[in-house]
Structure formats: structure tokens, C-alpha cells
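Here's the letter readout for the chains.
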Amino acid sequence: MAVSSPSADLSAALVLQPVTALDWLVILPVAWCIGIGAILMMVRHRTGLQPLIAIAALCVLAGIDATLLWHVSQNGPVTMVMGRWLPPFGIAFTVDLTGALFALMAAVVALAGAIAAVTDINDSGRRYGFYPLLMLLMAGVSGAFLTGDIFNLYVWFEVLLISSFGLLVLGSEREQIDGAVKYGFLNLVATTLFLIATGYLYGIFGTLNMADIVVKARELRDAAPLTTLMALLAFAFAMKAAAFPVNFWLPASYHTPRIVVSALFAGLLTKVGIYALIRVSVMLFPVERQELSFVIALAGVLTMITGALGALAQTDTRRLLGYLVISGIGSMLAGIAVGGPGGIGGAVFYALHSMVVMTALYLAAGLAARLGGGFSLSSLAGLYTRHALFSALSLMLFFAVSGLPPFSGFWPKVMLVKSALDTGAWWLAAALLLTGFLTTIATARLFLLAYWRPAGAGAPSGEVALPATLLVPLIALTAVSILIGLFPETLLGLVQKAALTLNEPSRYLNSVFPAGSAP
Amino acid sequence: MRSLILRTVAPLIVGLMVLFSIFVLLRGHNEPGGGFIGGLIAVAALSIYGIAFGVETVRRAIVFHPLAIAGAGLLLSTLSGLLSMVFHVPFMTGLWVYPVILGEEVPLSSVMTFDIGVYLVVVGAVTSVALSLEERGED
């Protein structure tokens, strides 16, 4: 029986100072989501109760994340080590501004999805476990944003991947199984690559704690093949984020599940890949990112151009939006390639904007299908006469995704173009602007055909009422986009500070290894 | 399966296996064993019971839906971690009590309740899969 002897010096192994309530904010989003997910699993057949619990829980989650963001912006990065063991031996959860911003936006998006699901997911979908899976997905997403340990990041990837499988096959239709197989297989390949790269990383550094890696990488830079490692990790994350040329799983699967599920995936999943890429390339391996910047920039340009061209060619609204998701990923890659506060801040800002706007656009596509009877551009027509408010909201979202002022897409694009020009990468700036132009054409084509084109004779016409549970999340997300567009100062300040912390992670390191406790 | 031998022996084997799974679960703190492997042994027991007497009998015997059991286990594990909040130590720190029961000191810990949670998650999740597969096999 191992009873700790009082003579041992515990301070060498354990965190001895008491943990304050504010520190708990670091782990609470994950623990809360898992706990609520577990409760929802236990009341799986109470289909009336489930949405109420889930929506209330996600409101609380958004509150926790907002408090966490406030705490981090006031006091710098916060760390909690699991099981009291000192880092790097205990698994650390370390939250800086980037992680907190992503986590908060993810909670907002999930809340919108949970409300929309009240109407969109029927009783059988709820019995299938939509809400428990959503909560577990959020546990995975929050965990990925908040963890400070690279193997733990892998674990959260797995958690969100498993939950997303469940959400993808909700309903078990043939088309969904087909999409899920492609999605599942290619994502498992990416996850396996990530795992192999993590093993390689552990072989080089002998540690998995991100702060510890930052410190050790400075010493090992001349001796170890860090560029290879960085390239492996970047490839795995690029596959997750659906960057060209490893993005084929996204158009093959995102149009198959329920529209709410598509909306949540578009808002959350690819952004986790981008977040991981930012974290690894900017904070852990900045020198290697510099070396690979041309490759990342090239992948970014190809991703955004092929995405925008793909969107121009589609006739199914959901597939069209899938290509817009990809195109946005290209812009974020461009930011990562450029680097610096402008580039990284722009990439973070673009990711946050894209989470809100892409989710809203998928929800809008669902509403359009409800009004016009399908997702095909050949059958959709005359939506403008059927619901004026909805059409106005859609138009605003189209402007936002194209990067036109005064919506949220404008500012990150400005940041990205400016920082690209500042570093002399005029071709990158040109590609960003061209993508904005192509996206405008693609969304204008969508608006022209589905909304403005008069409906043919015999088609349903006249004003239609839409269920509030679908309209409210759309209005709320559009409002977020407009607010960000009109009052960008707060968020601009935050993302620039976040990028600075990533570029110069001394405060992050201090939070994991307080002064005096060298790793 | 309509085999008299299996149906006669099954209750005995199943009882023994469930007992053994709990033994392995509790043994796991300091020696090989633990919630995961214990849970798998329990699932094997339930599967044998299902083969001998049919899936419906198993579902009645475990009272709750397997996934509800998994949910309860997940909740128990999460709460075991959150218990540290009360004692101002980080998440998942092991907390111990040493009550004396019948003159014997029994060490109990949040580590153990966490492992019982893992046991329940494995029992619930894998039983759910096993029973579905056995149901498919019956028709």
C-alpha cells in the first residue's frame, strides 16, 4: 500500500499551491460538456427533455467560455495540470487568447445549432442521440482548443471525430453512410498521420507538453529534423482543415447529413484543424514555419482559388457552401504563411468569422430548402417573395462570406491583404482579392437564381411563416457577423494580442512553468 | 442457442465471470487489472448469457439500457474528477479516505470511483454493440 511518507519533498513533484475557482475555468468547458453529454445519454428516450437540457447547458458553456476569455485577456495565459503533477509530467491544459477566442465562438455556434435542431432533428434523430453526440463533440472541440499537450490534442481530435461519425450517420440513409465512409476513412488517415508525427515528436523531444517543446526546440533546432516534423504535422492538420490537395473528403460528405449537422461541421471541424496548425506552426516551430511558408502559401492560394471556382460550378446549395468553406480555409492558410501579428491575427480573425458565417449559411440553405422544396439551384426560385426577412438575412451573409463591408468578413480580409503586401507577397494579396471577387460572383449567382428569379408557374408562392427555432439562430448569427463588422475594434485588439502571444510565447511558458520551476 | 448444456452451465459461468470482473476492477489499483479490462470481462459474461437465453433476457436482466449505463459511468468519472474542486486541488487529483469498517482499514479514493466509471462505460458501450450484433444474428 503506497502511503505517501511525510518526509518526501512533495514540491518537486506536485502542485502545492491551492487552485482558485478562476483556474477551474480552464478545464470546466470540457468537464461540463462531458458531464451533460453523459446525463443526456441517460435520458436518451426523453426526447422532449433533451433539447431543453442541451440548450441550457450550451448557454452555460458560452458563459463559461466568455468568463474564461475575460480572465485570460486580463491575466494572461492560465494553466491547470491534471492530477496535480507538475508539468511536463502532468497533462497541462493551458489557455491563451487564441484558444479562449476559438472556444467561445465554438460555443456560440453550437448553441445556434442546438436551437435550430429543435425543429430540424425529429424524435427519431433525438433517440439516435443527436444531443448527447453534440455535447461530446463540443467536449472534443473545446478540449482541442484548450489543451496544452500535443498528445492530449490528438485525444480530443479522436473524441470529436467519433462524435462527428455519430452525427454524420444520424438517420442511417444510404447516402449518409456513403458520405460517412469517405469522411471517416480520410479523417482516420489524417489522424493516423498526426499520431505518427506525434510519436516522432516524442522521439525527438522526450516531452509532449507544448510549452516544454517550445523551450526544447530552441536548443535542438540545429541537431534535430524539425522541418520534417513540422511538415508531417502540417500535412495532417491541412488534411483535417480540408486544404488543397487533400480536401476531397469535404465536398464528398458535407452535403449528406441533416442540415444542422452540416452547419455545425462547417462551423467547427475544419477550424479545429486550422487552430491546431496555427498552434503548432506559429508557437511551437516558428523557424520551420518560415522555411515552409512558401509551401503553405501555395497550398493556401490553390485552396482558395479551387474552392471559389468549385463554388461557382455547383448546382446544389449545400455543395456550393462546402466549397466556400474550403475557400475560406485557403485564406487562413495564407495568413499562416505570411506570419507576424497581421497574418496570424488575420488568420485567427478569419477563422472566427468563418465559424459564425458558414454555420449561418448552412442554416440558411436549410431554410431555403424548406421554402423552395430542395437544395438544387434548378428548382429553387423566387425565395424573395416567400420570406423577405429571410432573403435579407441571406443577402447579408452572402456579403459577409465574400468579404464585403460592413460585415465580419471584411476586416480579416483587410488584415490578410495588408500583411501580405507588407511582406512583399503581392501574388498572395492578389489571390486573396481574386478569391473575394469569385466568391462574390458565386454567391451573387446563388442569390440571383434562388432568390430573385421568379418562380415558374405552378410553383408554390406567397408569404410563408418559418419556425422561430430556425429563424432565431440565423438572425442571431447574422447579428454577430454585423456587430463584428461594425465594431471590430475589440476583436481586432484581441486577435492581435493573441497573435503576439503565439509569436512570443514567454507568457504562455511562464504560465506552465512559473518562474523558478525550470522544466 | 438451443443447447441444454450451455443453458445449464451459463448461469454459473456468467455469475462467476461477473464476480471475476469486479475482482479485476478492484485489483486494478495496484496490480494488473482495472476498469477497462474488468468491463470487457463483464461484457463477455453478458454476451454468453445472451447466447444462451436470448437478447431480451439480457436486456431485462440489466434493467437499464446499455447506453444509459455508459452515460452513468461517464458521469461518475467526470464527477470523480470534479470532486477535487471542493478541496482546492487541480482536476483529477486522487483523493483518499480511510474509513475503518469492521475493524479493517479500507482505503477508498476518487481514483477508484473514476475506474468504476470506466468499468460502467465499457460495460454499457460494448454491451450495446454486442447485443445489437446478437439481435441481428437471431433473425
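Residues numbered from 1 in each chain as written. Chains lettered and ligands numbered in written order. Predicted model: local features only at pLDDT ≥ 70, side-chain atom pairs only at ≥ 80, totals over all residues.

Peer 1: When you look at the overall build of chain A in this model, what are you seeing that I'm missing?
Peer 2: Helix and strand content of chain A: 21 helices and two strands. Over its C-alpha atoms chain A spans a radius of gyration of 23 Å, differing by no more than 12% from the 24 Å that the globule rule assigns to 519 residues. When the 519 residues of chain A are sorted by exposure, 60% land in the buried category. Within chain A, contacts between residues at least 6 apart in sequence are counted, and of these 81% link residues at least 24 apart. (Helix = DSSP H or I, 4+ residues; strand = E, 2+ residues; numbered from the N terminus. Rg over C-alpha atoms; globule rule 2.2 N^0.38 Å. Buried ≥ 20, exposed ≤ 12 C-beta atoms within 10 Å, placed from the backbone. Contact = placed C-beta atoms within 7 Å.)

Peer 1: Where do I start with the overall build of chain B in this structure?
Peer 2: When helices and strands are tallied, chain B shows five helices and four strands. When the backbone C-alpha atoms are referred to their principal axes, chain B occupies close to 55 × 30 × 25 Å. Within chain B, the proportion of its 139 residues that are buried is 37%.

Peer 1: Would you mind showing me how to read the interface of chain B and chain A here?
Peer 2: In many analyses, interface size is given as the accessible surface area lost on bringing the parts together. The interface of chain B with chain A comprises 20 residues on the first partner and 19 residues on the second. Counted by class, the side of chain B that touches chain A contains 13 nonpolar, seven polar and no charged residues. (Nonpolar A, V, L, I, M, F, W, Y, C, P; charged D, E, K, R; others polar.)

Peer 1: Explain the pairing of strand 2 (residues 92–95) of chain A here, please?
Peer 2: Along any regular strand, the residues point their side chains to alternate faces of the sheet. Residues and elements named next belong to chain A. Both faces of strand 2 are covered, namely the face carrying Ala92 and Thr94 and the face carrying Phe93 and Val95. Bridge count for strand 1 (residues 78–81) against strand 2 is four bridges, and the pairing is antiparallel. Bridge assignment links Val81 to a residue of strand 2, and that residue is Ala92. (Pairing = 2+ DSSP bridges.)

Peer 1: I tried to follow the packing of helix 3 (residues 97–120) of chain A against helix 11 (residues 259–284) of chain A on my own but got confused; where do I start?
Peer 2: Residue and element names in this part refer to chain A. For the pair helix 3 and helix 11, interaxial distance at closest approach is 9 Å and the crossing angle is 170 degrees. When the axes of helix 3 and helix 11 are compared, the pair comes out roughly antiparallel. Seen from helix 3, the contacting residues are Thr98, Phe102, Ala106, Val109, Ala110, Gly113, Ala116, Ala117 and Asp120; seen from helix 11, they are Ile259, Val260, Ala263, Leu264, Gly267, Leu268, Lys271, Tyr275 and Ile278. Of the residues in the contact of helix 3 with helix 11, the class split is 13 nonpolar, three polar and two charged. (Axes fitted to C-alpha atoms, helices over the stretch in contact; angles between N-to-C directions. Parallel < 35°, antiparallel > 145°, perpendicular 65-115°, else oblique.)

Peer 1: It is not clear to me how helix 11 of chain A should be interpreted in this structure. Could you clarify?
Peer 2: Quick reminder: α-helices carry 3.6 residues per turn. Residues three or four places apart thus point the same way. Its 26 residues place the ends of helix 11 of chain A 37 Å apart at the C-alpha level, agreeing with the 38 Å of an ideal helix rising 1.5 Å per residue. The sharpest bend along helix 11 of chain A measures roughly 35 degrees and falls at A:Phe265. (Expected span 1.5 Å × (residues − 1). Bend = angle between axes of the 7 residues up to and from the residue.)

Peer 1: Just to check I follow, could you spell out the confidence of the model for chain B for this structure?
Peer 2: Parts of the prediction with low pLDDT should not have their coordinates interpreted in detail. Per-residue pLDDT for chain B has a mean of 90; in total, 97% of the residues score no lower than 70. Listed scores for the predicted complex are pTM 0.93 and ipTM 0.91. (pLDDT = per-residue confidence, 0-100.)

Peer 1: Honestly, the nonpolar core in this entry has me stumped. Any pointers?
Peer 2: All names here are of chain A. Counting residues in each nonpolar core, the largest one holds 244 residues, and the members touching the most others are Leu101, Ala106, Met135 and Val348. If one sorts the elements of this core by residue count, helix 14 (residues 340–372) sits on top with 20 residues. The contact partners of Val348, leaving out residues within four places of it in the chain, are Thr98, Leu101, Ile278, Val495, Ala498 and Ala499. (Core = buried A, V, L, I, M, F, W, Y, C linked by C-beta atoms within 7 Å.)

Peer 1: Would you explain the environment of B:Pro107 in this entry?
Peer 2: By the element assignment, B:Pro107 lies in the loop between strand 3 (104–105) and strand 4 (108–109). The sequence separation of B:Pro107 and B:Trp96 amounts to 11 residues, and the corresponding C-alpha distance is 6.8 Å.

Peer 1: Just checking my understanding: could you explain unusual backbone geometry for this structure?
Peer 2: Most of the time, phi is negative for any residue but glycine, and the peptide bond is trans. All names here are of chain A. With an omega of 5 degrees, the peptide bond running from Pro87 to Pro88 counts as cis. Take Pro88: it is sitting in the loop between strand 1 and strand 2. The omega torsion of the bond from Pro405 to Pro406 falls at 0 degrees, within 30 degrees of zero and hence cis. For Pro406, the location among the structural elements is in the loop between helix 16 (388–402) and helix 17 (410–422). For Ala242, which is not glycine, the phi torsion reads 65 degrees and is therefore positive.

Peer 1: Just to check I follow, could you spell out the confidence of the model for chain A for this structure?
Peer 2: Here chain A shows a mean pLDDT of 89. Residues at 70 or above account for 97%. When pLDDT is averaged over each helix and strand of chain A, the minimum, 83, is found for helix 15 (residues 383–386) of chain A and the maximum, 95, for helix 5 (residues 130–146) of chain A.

Peer 1: How do you make sense of helix 20 (residues 489–503) of chain A when you look at a structure like this?
Peer 2: Residues and elements named next belong to chain A. Look at helix 20: 21 Å from first C-alpha to last across 15 residues, which is about the 21 Å you get at 1.5 Å a residue. The set of residues buried in helix 20 consists of Leu491, Leu494, Val495, Ala498, Ala499, Thr501 and Leu502. Take helix 20 and look down its axis: the buried residues cluster within an arc of 160 degrees, on one side only. Residues Glu489 and Gly493 are exposed on helix 20 and point more than 90 degrees away from its buried face. On its buried face, helix 20 sits against helix 2 (49–75), helix 3, helix 11, helix 14, helix 19 (468–486) and helix 21 (506–512). (Arc of directions from axis to C-beta.)

Peer 1: What should I look at first to understand the environment of A:Thr79 in this one?
Peer 2: All names here are of chain A. By the secondary structure assignment, Thr79 is in strand 1. Sequence separation of Thr79 and Leu25 is 54 residues, and the distance between their C-alpha atoms is 9.8 Å. Aside from chain neighbours lying at most four places away, what touches Thr79 is Ala92, Phe93, Thr94, Gly148, Ser511 and Val512.

Peer 1: Explain the packing of helix 14 of chain A against helix 19 of chain A here, please?
Peer 2: Packed helices, taken two at a time, are described by the angle their axes make and the gap between the axes. Residue and element names in this part refer to chain A. The interhelical angle for the contact between helix 14 and helix 19, taken along N-to-C directions, is 145 degrees, at an axis separation of 9 Å. The crossing of helix 14 and helix 19 is left-handed. Where helix 14 abuts helix 19, its residues His353, Val356, Val357, Thr359, Ala360, Leu363, Ala364 and Leu367 lie against Leu470, Pro473, Leu474, Leu477, Thr478, Val480, Ser481 and Ile484. Its residues placed into classes, the contact of helix 14 with helix 19 shows 12 nonpolar, four polar and no charged. (Left-handed = near helix turned anticlockwise from the far one by under 90°.)

Peer 1: What exactly am I supposed to notice about the environment of A:Leu395 here?
Peer 2: All names here are of chain A. Inspection of the secondary structure assignment puts Leu395 in helix 16. For Leu395, a count of 17 C-beta atoms within 10 Å gives the class partly exposed. With 333 residues separating them along the chain, Leu395 and Ala62 place their C-alpha atoms 27 Å apart.

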